[in-house]
Amino acid sequence: FKTPDREGFAIYLDTPLNYAVFSIFTRRGNEFPFKRLEDLYGKKIGINMGYSISPDLNHEKHAGKIFISEFYTTRECLNALMTQRIDAYAGNRDSILFRIKKRGIGHNISFLPRAITRPRPVYLMFSRTRILKDKHNSVILKLNRELKKMWETKIIDKITSRYIDPQMIYAH
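Residues numbered from 1 in each chain as written. Predicted model: local features only at pLDDT ≥ 70, side-chain atom pairs only at ≥ 80, totals over all residues. Heavy atoms only, no water.

A.B. asks: Quick rundown of the packing of aromatic side chains? Include the residues and the values.
C.D. replies: For the structure shown, the criterion picks out six aromatic pairs. Here the aromatic rings of Phe-22 and Tyr-51 are separated by 6.4 Å at their centres, their planes lie at 75°, and the arrangement is edge-to-face. With Phe-22 in strand β3 (residues 22-27) and Tyr-51 in the loop between β4 (44-48) and α2 (55-62), this pair connects stretches of sequence that are 29 residues apart. Residue class for Phe-22 comes out buried when judged on its relative accessible area of 9%. (Phe/Tyr/Trp six-rings, centres within 6.5 Å; stacked < 30°, edge-to-face > 60°. Helix = DSSP H or I, 4+ residues; strand = E, 2+ residues; numbered from the N terminus. Buried < 20%, exposed > 50% of the residue type's maximum accessible area, 1.4 Å probe, protein only.)

As structure tokens, this is what we get:
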């Protein structure tokens, strides 16, 4: 994600490559109402190790109101969900949907309609120490122009639909 600290050592494209949305996945049939964080109280939530979904979720975890289990991989989180070792899995919606599609388990899993975070833009970035100003500036300008066109012509959506099941998204 684009942050002031990272802008000190990175050059970002102007147009996002994607938008990250963190959602809550459950076993189909075990969905529950989710409108605010308090709806997760007492639940055991799986996340990928090292992820910080939101400062509010971290606070509730440390307060002992939400139980977090960390797993090394998305595969491990999905297995824990399928074997009922966790009540839900919170993570990057598109990454998880990709794994669900790849494993062919979409009929067993759903995600809750309300995301746990707002969409956050994800940018392609380049190291400032590796960029030669004149030579790479034209490349960055071209990438900015083409990426903007890809969003305008819905090519990004077409590419995304090759990797995740759009039916799961549009069902919400």
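A.B. asks: Outline the side chain of Ser-54, supporting the account with residue identities and numerical values.
C.D. replies: By the secondary structure assignment, Ser-54 is in the loop between β4 and α2. Owing to a relative accessible area of 12%, Ser-54 belongs among the buried residues under this scheme.

A.B. asks: Tell me about the sheet that holds strand β7 (residues 109-111), and please be specific about residues and values.
C.D. replies: Within the open sheet, the five strands sit side by side as β5-β4-β6-β3-β7. Their pairing is mixed. The outermost strands of the open sheet, each flanked by one partner alone, are β5 (67-71) and β7. Each neighbouring strand pair of the sheet contributes to a mean axis angle of 30°, computed without reference to strand direction. For β4 and strand β6 (residues 88-92), the ladder comprises two bridges, and the chain directions are parallel. Paired with Gly-46 across the bridge in β6 is Tyr-89. Seen against the sheet, helix α4 (residues 93-103) touches β3, β6 and β7 and runs at an angle of roughly 115° to β6. (Pairing = 2+ DSSP bridges. Axes fitted to C-alpha atoms, helices over the stretch in contact; angles between N-to-C directions. Contact = heavy atoms within 4.5 Å.)

A.B. asks: Pulling in residues and values, what's your account of α4?
C.D. replies: Since the α-helix turns once every 3.6 residues, residues separated by three or four places project in the same direction. Within α4, the full set of buried residues consists of Arg-93, Asp-94, Ile-96, Leu-97 and Ile-100. Axial view of α4: buried residues confined to an arc of 160°, hence all on one face. The N-cap of α4, judged by a side-chain oxygen 3.1 Å from the amide nitrogen of Asp-94 a few residues on, is Asn-92. One or two residues past the end of α4 sits Gly-104, with phi positive at roughly 70°. (Arc of directions from axis to C-beta. Polar contact = N/O pair within 3.5 Å; in protein donor to acceptor, adjacent residues only side chain to side chain.)

A.B. asks: Got a sec to walk through the packing of helix α3 (residues 74-82) against α4? Specific residues and values, please.
C.D. replies: Where α3 meets α4, the closest approach of the two axes is 10 Å, and the angle between their N-to-C directions is 70°. As judged from the angle between their axes, α3 and α4 are roughly perpendicular. Of the residues in α4, those in contact with Thr-74, Arg-75, Leu-78 and Asn-79 of α3 are Ile-96, Arg-99, Ile-100 and Arg-103. Across the contact of α3 with α4, the residue classes tally to three nonpolar, two polar and three charged. (Parallel < 35°, antiparallel > 145°, perpendicular 65-115°, else oblique. Nonpolar A, V, L, I, M, F, W, Y, C, P; charged D, E, K, R; others polar.)

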